[in-house]
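Here's the letter readout for the chains.
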Amino acid sequence: MSEFADLVARAVNPSMTREARQAVYVVVKEAVQRLQARDGMTADDPRIALQQHLVEETIRDVEADIARFISLEKLERAHAAQVADEAARNR
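Residues numbered from 1 in each chain as written. Predicted model: local features only at pLDDT ≥ 70, side-chain atom pairs only at ≥ 80, totals over all residues. Heavy atoms only, no water.

Participant: An account of the pattern of salt bridges is needed here, citing residue identities and associated values.
Facilitator: Taken as a whole and assessed by the stated rule, the structure comprises seven salt bridges. Linking arginine 68 and aspartate 65 is a salt bridge whose minimum nitrogen-to-oxygen distance equals 2.2 Å. Of this pair, arginine 68 and aspartate 65 are both found in helix H3 (residues 46-89), three residues apart, which corresponds to roughly one turn of the helix. Given the relative accessible area of 49%, arginine 68 is considered partly exposed. Among the residues examined, aspartate 65 registers a relative accessible area of 43% and is labelled partly exposed. Ionic contacts of the salt-bridge type, sharing partners, join the residues Arg18, Arg21 and Glu63 into one network. (Salt bridge = Lys/Arg side-chain N within 4 Å of Asp/Glu carboxyl O. Helix = DSSP H or I, 4+ residues; strand = E, 2+ residues; numbered from the N terminus. Buried < 20%, exposed > 50% of the residue type's maximum accessible area, 1.4 Å probe, protein only.)

If you want it as structure tokens, here you go:
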């Protein structure tokens, strides 16, 4: 499953809007459904529920990684501004 998570993570990036990332996730979910149909899985196949759960879990993990990345960027910008303010005061 880590290859799948890597694939999803490469398909989105933090600079994308939430809506754009959501559109990618829709495409991923549709691709998984097509693969399930190709493999002849029926709606009552328990593997479908498991795979859907893993897809949702992967999306949550990717979104959490993006949130952490964005938060760290904000912290770095705030720190840089604080350092610049401090340097300006010491001149």
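Back to the text.
Participant: Run through the packing of helix H1 (residues 2-11) against H3, naming residues and quoting values.
Facilitator: Packing of H1 against H3 leaves a shortest axis separation of 10 Å and a crossing angle of 50 degrees. The orientation of H1 with respect to H3, classified from their angle, is oblique. In this structure, H1 meets H3 at a crossing whose hand is right-handed. On H3, the residues that touch Phe4, Ala5, Val8 and Ala9 of H1 are Val55, Thr58 and Val62. In the contact of H1 with H3, the residues fall into six nonpolar, one polar and no charged. (Axes fitted to C-alpha atoms, helices over the stretch in contact; angles between N-to-C directions. Parallel < 35°, antiparallel > 145°, perpendicular 65-115°, else oblique. Left-handed = near helix turned anticlockwise from the far one by under 90°. Contact = heavy atoms within 4.5 Å. Nonpolar A, V, L, I, M, F, W, Y, C, P; charged D, E, K, R; others polar.)

The values are spatial; any link to function lies outside them.
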